[in-house]
Structure formats: C-alpha cells, structure tokens
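# Structural overview for review
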Amino acid sequence: MSEDKLTNFYQAVDALIDYAHTHLKLDPVDSDWSRNQIFALFGLNSYRPTGATGTGHERPDVIIEQLRDTGIAAGLFDESQAESLCDQMMGIVSLSPSAMKRGFLHDVEAYGGSHAMANLYNYSIKNNYVRRSVLDQNPRFDTNGLIVTINKAKPEFKSAAKAQAGNSVAGGYPKCSICHENEGFAGRTKFTLRTVPLTLDGQDWFWQFSPYGYLYEHGIAVNYEHTPMHVDRGTFRRLMDFVDQYPDLFIGSNAALPRIGGSVLGHDHYQAGGEKLPMHVAGSWKSFRSADFPQAEIEILDWHNTAVRVVSTDREAIEELSTRIHEAWINYRNDELGIIPRAGNDVFSAISPTVRLTERGYEMSIILRSNITSEEYPEGIFHAHPEFFAIKQESIGLIEAQGLFILPGRLDTQLAQLAQLLENNQELPAELNEFAGVFAELQELIGENRDADVIAQAIRDELGSVCQRILENTAVFKDHSITQSFLEDLGFTTEN
Ligand SMILES: [Zn+2]
C-alpha cells in the first residue's frame, strides 16, 4: 500500500476528528480512542498526525467525501462498502446514545422543548443522519396553495404490499425499520441514528428524526414496544402531550389501515414536523358548537379532503369531541356514497388526527379516510384515481393529506422530457403514454407559447392542480354540506 495514499486517508480522519470536536461535541479526551476505533475497522496499525482541520465545514458532506475517496484510493474498502463504513466512522465520533439523551434532557430543562428539538435536529444534520444536502437538492415549490416536492432520494412504492415488503427485515431483528433496536444497527446503516425519550400519556415512547425528511424537523415519535398502529382515545391524549412539550411542532397519526396511511403499520408511531403545512392555515367552512363543551369550536375545514377541526384550550373537550367524531365516522354507512365502514373482518374507515398548538389552544384536525376498493377502483375509491398515477400512485398519507406532496424521483427526468416535447411542439411518444392526460392539459395551459419559462411555470401549475384533484379523490364527502349533516347527526349545532 502506498504511503502517500495512506497519508491522504490519515488527513481525512484527522479532519473528521477536528470536525467532530467543533460540531459533534466530541470530547478531546476521546480523540485518540475514536481515531483508533476507526483504524481498527481497517486493521491499520500505523499513523502519522497530519494536522488536517475540519472545523470550517458546516455540513459533513466534504468530510465524508474525503473519507470515502481516500479510503477507496488506499484500498481500505471498495465502492460498495463505502456508504456503510463512512456511516460507521461518523457513528464513532458522534455522541453515545446515553450522552445524547442526557444533553437533550438538559436542553429541554434549560431552554424548553422546541429549542432542544432544534439542537437535536442540527446535530443530526452535522452527523449526517439527516441528509439535509440531499434534501436541499430536491425540487420544491408552492403551487395552487399546496407544497410540491420531488423526492429524488426515496424509492417509490407503488402498492401498499411493496411498501410493506420494503420495511420487512430478514431474520426478524430488529422487528421493523422503526424499532428502537435500530439505534446503531449496521444492518440498516444506522450507526449515526440517535433517539431521545418521550413520555406520552404516561407511556414510554422515543423520538427520532427522519433521514430523508420531507420538511423541516420531520421526525417520528415511536412506541418503545413493537405494537401495531392504532388510533383511539389515548392517541388524542398522546398527541396533545407531545405538543405540550414541543409546541413548535405539529404531530399526527396516519390512519391505521393500508392504502391510506403510512408504510409501517406494524409499529405504532406518529409523524411530526416543524413547518406550517397548507391545511394548517385552511379556514373554516362552517363552525359548530357542542352543548357539553360550549367553549370548544368544531369546524369543517375549507380544504380539499374531508377534515374536521376541534379547537379548544381544554384537553378534555378535545379528547371527548374528537373521540365522538372518530367513533361516529368508523360506524358511518352511506351506500350511495360508497362508504361502508366494515365487512366481515375487513375494516375500511379510519381517521388521521393531527394537532397543533396555536393561540386558540389545541387545534386537532381529524381527516376522515376510507380505503374501500371497487371493481372500478381496485387501488381505492378514495385514493388517487388512475388518471393521476403517472404523477402519484403511492398512498396519500398524513403529510400529503395536509397539503405537502412528495412526488417520486422519476418525475424529475420525465417532466424534463415533457418540457422538451412542448418546447419543440412534438407529440407524446408511446413510452410516456401514461402522461397523456397531463400532457393535453399542459398543451392547453401554454397555448401557442413555446417559451421555456412559460412551460416550466405551466408544469408547476399542472402539478399543483393534479395534487389538488388527488386530495379531492381522497375526500370521503365530496360536498361540505354532507360533512355538515354528519356533524349535525352528532348533535353539534351551527353557530348562526
Ligand atoms: Zn418495530
């Protein structure tokens, strides 16, 4: 092995250690130990200090690239091993799980939950658990009152079965992709994952950020126990407990059924994030009161799917009214609208609750969902309809139901192809046939104009319009007046 090539690797390791002192709270007492742990990975018994520094880097990307390139050049590992080994090296210089937990709990005590979360998020970017640089490369724009992103990093799961297969683990350890046992687990390249404890309604849960989060501070609260997703009265209490402690984040639960929710149904967890999503600012179409809780407001949201919001500073009011709406919905039947709550052992109706803390108190939004299928719509009557599958075929989960769409990475190339065709005034080739409807609408939008900027804007507008129509597909009541009857049957009365 060439000495020069090894020297380059030593430089990269020295830069990493220096970076970790500044950005990852690596105690200088642990410097030699950490460096030796890294050398042990490659059976290296020699080293000469190079004096290389890494303090100047705000993000870990350059450091990791150096470790990767110099390690491969020195013959220490090959391309296929690089990602896992770089993750392992980063894991060695990161705080231990116990030190991370102590630091987090100290921050909560000293500065409050929101500040502690922000610190943890920054740390997770610095130690490369949250791939912020990858995320920053994803196209993201506001359109039609919605937020649309194209996620170039995440695989597309077209069917619910595939999504679940994507999360199953051979050998059963850890039981699933979000079990706590993943902290530091090599099999999933989780050396840099650090979790922190949460207490929700007296239960032990933990928090972790999402490595490819779609929004600022996107993460999940997870039950320590590998127990199936479910939504009940306790869910409302746990969601409120979370925002009591971390008031800058919203948090919600996906519907606990396939095709309309998250991909990990086997393990109870909630999705949270530090951004205001479009549904959060949707106005009220009509307000109602309950005689039992006169201070609470119940609103039908002026929103594309079917969502009801319970607003109050009183936790008991939120819990009770949300439970009534939940129970009424999962027992509601309307054959004319195709809504059947269950048949035999099959359950079709569920809710996605999501809560924010605002100056009005708790705002608990309850999105009514159904995953029922028909011959015409085998993927779901209240799922994106087939004419939109070219844009989005995956389940419309909690984040999308609130107006932030994560579209598949393939669209990046496909939309560029469509733009080119429009610019050249060409017909749609057979291989892009699934875009026929979208393409026709784009032609309509641009008219005779072939200007690249006009076409780019038309594509953004069209994506926003399609995403809005997908949300309308998922609406169980296509007309707010039916939602009104549903609430009136519960004894809620309109204010005027
Ligand atoms: Zn699990």
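Residues numbered from 1 in each chain as written. Predicted model: local features only at pLDDT ≥ 70, side-chain atom pairs only at ≥ 80, totals over all residues. Heavy atoms only, no water.

Where an unreviewed UniProt entry is consulted, the protein appears under the name Galactose-1-phosphate uridylyltransferase, with the organism given as Arcanobacterium phocisimile. The Catalytic activity (unreviewed entry) comment attached to the protein in UniProt states, word for word, "alpha-D-galactose 1-phosphate + UDP-alpha-D-glucose = alpha-D-glucose 1-phosphate + UDP-alpha-D-galactose". Of the protein, the UniProt comment under Sequence similarities (unreviewed entry) reads exactly: "Belongs to the galactose-1-phosphate uridylyltransferase type 2 family." (UniProt positions renumbered as here; feature names shortened; annotations may be inferred.)

Below, the discussion takes up the pattern of salt bridges. Taken as a whole, this structure holds 32 salt bridges when the rule is applied. Ionic pairing is found between R238 and D232, a salt bridge with its closest N-O pair at 3.9 Å. With a shortest N-O distance of 2.7 Å, K392 and E400 are connected by a salt bridge. With respect to burial, K392 and E400 carry one shared label: buried. Linked by salt bridges that have partners in common, D201, R233, R237, D292, E319, E320 and R324 make up one network. (Salt bridge = Lys/Arg side-chain N within 4 Å of Asp/Glu carboxyl O. Buried < 20%, exposed > 50% of the residue type's maximum accessible area, 1.4 Å probe, protein only.)

What follows is about the packing of aromatic side chains. Two measures describe an aromatic ring pair: the distance that separates the ring centres and the angle between the ring planes. In the structure shown here, the tally under the stated rule is 20 aromatic pairs. Between the aromatic rings of Y121 and Y216, the centroid separation amounts to 5.1 Å while the plane-to-plane angle is 80°, which identifies the pairing as edge-to-face. Here the residue Y121 occupies a position in helix 6 (residues 113-126), and Y216 occupies one in the loop between strand 4 (203-209) and strand 5 (219-223), the gap between them amounting to 95 residues. Measuring from centroid to centroid gives 5.0 Å for F206 and Y224, while their planes differ by 55°, and the two rings are tilted. Residue F206 is found in strand 4, and its partner Y224 is found in the loop between strand 5 and helix 9 (233-245); the two are separated by 18 residues along the sequence. Take F206: its relative accessible area is 0%, and that puts it in the buried class. Every member of this aromatic cluster is reached through a ring pair, and the members are F104, Y121, W207, F209, Y216, F242 and Y246. Above the plane of the ring of W285 lies K286, whose end atom (NZ or CZ) is 5.2 Å from the centre. (Phe/Tyr/Trp six-rings, centres within 6.5 Å; stacked < 30°, edge-to-face > 60°. Helix = DSSP H or I, 4+ residues; strand = E, 2+ residues; numbered from the N terminus. Lys NZ or Arg CZ within 6 Å of the ring centre and 35° of its normal.)

It is worth spelling out the domain arrangement of the protein at this point. Looking at the assigned domains, one finds that the protein contains domain 1 (3-94) and domain 2 (136-404 + 479-494). The centre of domain 1, based on its C-alpha atoms, is set 40 Å off from the matching centre of domain 2. The interface is formed by 8 residues belonging to domain 1 together with 6 residues belonging to domain 2. Note on domain 1 versus domain 2: buried area summed over both sides is about 590 Å², and carbon and sulfur give 50% of it. Applying the counting criterion to the domain 1 and domain 2 interface returns 1 salt bridge. A salt bridge links D136 to R59, with the nearest nitrogen and oxygen atoms 3.3 Å apart. (Domains from an automatic or database assignment. Contact = heavy atoms within 4.5 Å. Buried area = accessible area lost by both parts, 1.4 Å probe.)

Looking now at the nonpolar core. I38, W207, F242 and I325 are the most contacted members of the largest nonpolar core, which totals 91 residues. Per-element tally for this core: the top contributor is helix 1 (residues 3-23), with 10 residues. Summarising the domain contributions, this core has at least three residues from each of domain 1 (3-94) and domain 2 (136-404 + 479-494). Within the second largest apolar cluster, 39 residues are counted, among which are A401, A419, L421 and V466. (Core = buried A, V, L, I, M, F, W, Y, C linked by side-chain atoms within 4.5 Å.)

For the pair helix 13 (residues 436-446) and helix 14 (residues 452-474), the least separation of the axes is 10 Å and the interaxial angle reads 130°. The orientation of helix 13 with respect to helix 14, classified from their angle, is oblique. Both helix 13 and helix 14 take part in a crossing whose hand is right-handed. Residues V438, E441, L442, L445 and I446 of helix 13 form the contact with helix 14, whose own contacting residues are V454, I455, A458, I459, E462, V466 and R469. Grouping the amino acids of the contact of helix 13 with helix 14 by side-chain chemistry returns 9 nonpolar, no polar and 3 charged. (Axes fitted to C-alpha atoms, helices over the stretch in contact; angles between N-to-C directions. Parallel < 35°, antiparallel > 145°, perpendicular 65-115°, else oblique. Left-handed = near helix turned anticlockwise from the far one by under 90°. Nonpolar A, V, L, I, M, F, W, Y, C, P; charged D, E, K, R; others polar.)

Turning our eyes to something else, we now look at helix 2 (residues 31-41). The set of residues buried in helix 2 consists of S31, S34, R35, I38 and F39. On an axial view of helix 2, the arc spanned by its buried residues comes to 140°, and they lie on one face. Facing away from the buried side of helix 2 by over 90 degrees, the exposed positions are D32 and A40. Residues of helix 2 that are buried make contact with helix 1 and helix 4 (79-93). Directly beyond the C-terminal end of helix 2, a positive phi value near 60° is found at G43. (Arc of directions from axis to C-beta.)

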